[in-house]
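Residue strings, one per chain:
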Amino acid sequence: MIRISTIFVGICMVLVSASLGVVLYAIAGVSGYESAIVGLAALTLMILYNAVSMRIKDRNESTGQITDLSRGTTDLARQVAEFGRRLAVVESKIASTGSANQERIQSVVGEIGELGKLVTQLATSVATHEDMLTAMPAPATVSAAIAPPSPPVRTETSADVPLAVEVAEDTVTPTAPVIVVKPEAAPARNDAQFTAMVKNAIADNRIDIYLQPMVTLPQRKVRFYEAMTRLRDDKDQVITADDFIGPAEAAGLMGQIDHMVLLRCMQVLRRLMVRNKDVGVFCNMAGATLSNAETFAQCIDFLEANRALAPSFVLEFKQSVFRNLGPVESEHLAALAQRGYRFSIDHVTDLRIEPRDLADRGVRFIKVPAALLLDPKHNSNSDIHPADLSDLLGRFGIDLIAERIEGERAVVDLLDFDVRFGQGFLFAAPRPLRPETPANGGAPNPPAREPAKAPTDPNGPARSAPSTPVRPEPRSTGNAALARRATGPN
């Protein structure tokens, strides 16, 4: 596009040449033809002059631009050369570092091989010495001659033997030899009699609640309590959950039991929260209650009325219940989760766990036996190593609780697995709550003394303790004192 200045110059040149022709024609008296030739000649000269001047100006500008471009190209070439030199230096350093690391790796591999040979030699030597010690005859006669007089012989039942062993291991005190005497077999009840006995126990409100604390590790501060259910017959003999759950489910009585247990657990939780707002209660619920629409409606009405306590009230189900959920059970679980209640899973038999699915259903706690976490035989068949289980569950907001902890050695091993909570006889035994009486205003009475349960229970804390105690009441520690304050003074 022609610039405006060029157009203006052209117009001016035409006006100048025309004016010159008019002046020559009007003033000088030159003929019109000659004055036109003079005007055209003047216009041509001015056009040539303008073209030459503009060409010279453009040439000067182009020369300057070419000079600047040459200078920039030179700088770019110099920078490229500098980057090439630095890249060569970096490549040489990387090559030297790789060779040095390879040499170090080779030396470490050689040292590890030497250590492996030394360990093999040491194992061979230890095995040889063990064989020699095994082959040596035992000095029975000498030991009998110098042995001190034996303590008096005690007589116990077979159910008391595990407790006697536990006392010997914990206190490291000499105990008298134990003679095991098998107790007489209790008279067997048929299913009809047992079901009738369970119905009578429910009708007469002979339902006992036992509390066992769950502590934080390694601080051992009480954080939760688990409520365990047991029945008593007309002779005040304790019926464990493993014994009455089957007949109660077959007779359709678990809904009544769970409803009464929920009521008692809420009372216990209200009493505990008066002293400590951070405490919580785990309450077991049967799968039959979850699948029965009529009984579940009664339970959810009660839970709806107490939803203000939902953050501190945890409903506990068996692992088998979660693995066999149907449409009805899933709908009932969702209804509980919508009201703010959290869930826990116990009676875990394997570590095939899908934390994402459980978290979506509202599960916030999983209780795994300490033996299952620490036993290498169980770990070999698991989908995940127990050391990684707590971290995996924590990513989905689920806490791992190790239950049935019986010794300090298990606590030390569980700390390596990053387990945050623990439960077991090492911390405190379950303590029963007496039924309500008018003397205390309708509040649950303090728990009655009960002998500690044998640690060989295969089905968890729902089992009852043996009727004959064999070890003295343990000295009250901080955790035990807090547990007694939560359940009432002795």
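Just so it is clear, the structure is predicted and the values come from calculations on it, not from any experiment.

Colleague: Hey, could you run me through the overall build of the protein in this one?
Modeller: In terms of regular secondary structure, the protein is built from 17 helices and 12 strands. Buried positions account for 34% of the 490 residues belonging to the protein. Restricting to contacts in the protein with at least 6 residues of sequence separation, those with at least 24 account for 66%. Just so you have it, the protein exposes about 29,400 Å², and 60% of that area is on carbon and sulfur atoms.

Colleague: Looking at this model, I keep getting lost on the pairing of strand E6 (residues 280-284). Mind explaining?
Modeller: Note on strand geometry: in a regular strand, side chains alternate between the two faces of the sheet. Of all the five residues making up E6, four are buried; the element is thus mostly covered by neighbouring parts of the structure. Strand direction decides the pairing type here: strand E4 (residues 222-232) and E6, joined by four bridges, are parallel. Within the sheet, the bridge partner assigned to Tyr225 lies in E6 and is Val281. Of the pairings in the sheet, the one linking E6 to strand E7 (residues 313-318) comprises four bridges and is parallel in character. Along E7, the bridge assignment pairs Cys283 with Leu315.

Colleague: Mind showing me how you'd approach the nonpolar core here?
Modeller: Soluble globular proteins: nonpolar side chains tend toward being buried together. Phe313, Leu315 and Ile366 are the most contacted members of the largest nonpolar core, which totals 79 residues. Residues contacting Leu315, with those up to four places away along its chain left out, are Leu262, Cys283, Met285, Leu303, Leu336, Tyr341, Arg342, Phe343 and Ser344. Phe224, Phe282, Val314 and Ile401 belong to the second largest nonpolar core, which has seven residues in total.

Colleague: Looking at this structure, how should I read the packing of helix H1 (residues 4-26) against helix H2 (residues 32-135)?
Modeller: Each pair of packed helices can be described by the angle between their axes along with the distance between the axes. H2 packs onto H1 with a crossing angle of 155° between their chain directions and a minimal axis gap of 8 Å. Considered as vectors, H1 and H2 are oriented roughly antiparallel to each other. Considering the relative orientation of H1 and H2, their crossing is right-handed. Counting all contacts with H1, which are made through Thr6, Val9, Met13, Val14, Val16, Ser17, Leu20, Gly21, Leu24 and Tyr25, the residues of H2 involved are Gly32, Ser35, Val38, Gly39, Ala42, Leu43, Met46, Ile47, Asn50 and Met54.

Colleague: Even after reading the chapter, I still don't get unusual backbone geometry, so can you show me in this structure?
Modeller: Of all residues except glycine, most have a negative phi; of all peptide bonds, most are trans. Omega for the bond connecting Leu217 with Pro218 falls within 30 degrees of zero, at 5°, which places this linkage in the cis form. Examined against the element boundaries, Pro218 turns out to sit in the loop between strand E3 (207-216) and E4. Despite not being glycine, Asn205 shows a phi value in the positive range, around 60°. Tracing the chain through its elements places Asn205 in the loop between helix H5 (191-203) and E3. Look at Asn205 and you get partly exposed, because its relative accessible area is 41%. Backbone geometry at His347 places phi at a positive 55°, although glycine is not the residue there. Of note, His347 is situated in the loop between strand E8 (342-346) and helix H12 (355-361). By relative accessible area, His347 is classed as partly exposed at 22%.

Colleague: Would you mind showing me how to read the packing of aromatic side chains here?
Modeller: Two numbers describe a pair of aromatic rings. These are the distance of the centres and the angle of the planes. The tally for this structure, following the rule as stated, stands at seven aromatic pairs. Ring geometry for Phe224 against Phe282: centres 5.2 Å apart, planes inclined by 80°, an arrangement best described as edge-to-face. In this pair, Phe224 sits in strand E4 while Phe282 sits in strand E6, placing the two residues 58 residues apart along the sequence. Here Phe282 falls in the buried class, since its relative accessible area comes to 0%. Ring centres of Phe313 and Tyr341 lie 6.3 Å apart, and the angle between their planes is 85°; this geometry places the pair in the edge-to-face category. Here the residue Phe313 occupies a position in strand E7, and Tyr341 occupies one in the loop between helix H11 (327-338) and E8, the gap between them amounting to 28 residues. Just as Phe313 is buried, Tyr341 falls in that class too.

Colleague: Just to check I follow, could you spell out the side chain of Lys367 for this structure?
Modeller: Along the polypeptide, Lys367 turns up in strand E9 (residues 363-369). Here Lys367 falls in the buried class, since its relative accessible area comes to 0%. Within the local environment of Lys367, its side chain forms a polar contact with the side chain of Glu226, the two groups lying 2.5 Å apart. At 3.0 Å, the side chain of Lys367 forms a polar contact with the side chain of Gln423. If near-sequence neighbours (up to four positions away) are discounted, Lys367 is found in contact with Met214, Glu226, Glu316, Ser344, Ile345, Asp346, Val348, Ile401, Glu403 and Gln423.

Colleague: Just checking my understanding: could you explain the pairing of E4 for this structure?
Modeller: Where burial is concerned, most of E4 is hidden: 10 out of the 11 residues are buried. Here E3 runs beside E4; their pairing, made up of nine bridges, is antiparallel. Its bridge partner lying in E4, Met214 is registered against Phe224. Hairpin connection of E3 to E4: five residues between the antiparallel strands, including Arg220 at a positive phi of 65°.

Colleague: I tried to follow the pattern of salt bridges on my own but got confused; where do I start?
Modeller: Pairing between side chains becomes possible if they bear opposite charge and their charged atoms approach one another. For the structure on display, the rule yields 17 salt bridges. A salt bridge links Arg78 to Asp75; the shortest N-O distance between them is 2.8 Å. One end of the pair is Arg78 and the other is Asp75, both in helix H2 and three residues apart, which spans about a single turn. Assessed through its relative accessible area of 30%, Asp75 is described here as partly exposed. Arg395 is the salt-bridge partner of Asp391, the closest N and O atoms lying 2.9 Å from each other. When salt bridges with common partners are traced through the structure, they connect Glu226, Glu316, Lys367 and Glu403 into a single cluster.

What counts and what doesn't
Residues numbered from 1 in each chain as written. Predicted model: local features only at pLDDT ≥ 70, side-chain atom pairs only at ≥ 80, totals over all residues. Heavy atoms only, no water. Helix = DSSP H or I, 4+ residues; strand = E, 2+ residues; numbered from the N terminus. Buried < 20%, exposed > 50% of the residue type's maximum accessible area, 1.4 Å probe, protein only. Contact = heavy atoms within 4.5 Å. Areas by Shrake-Rupley, 256 points an atom, 1.4 Å probe, with all protein chains shown as cover. Pairing = 2+ DSSP bridges. Core = buried A, V, L, I, M, F, W, Y, C linked by side-chain atoms within 4.5 Å. Axes fitted to C-alpha atoms, helices over the stretch in contact; angles between N-to-C directions. Parallel < 35°, antiparallel > 145°, perpendicular 65-115°, else oblique. Left-handed = near helix turned anticlockwise from the far one by under 90°. Phe/Tyr/Trp six-rings, centres within 6.5 Å; stacked < 30°, edge-to-face > 60°. Polar contact = N/O pair within 3.5 Å; in protein donor to acceptor, adjacent residues only side chain to side chain. Salt bridge = Lys/Arg side-chain N within 4 Å of Asp/Glu carboxyl O.

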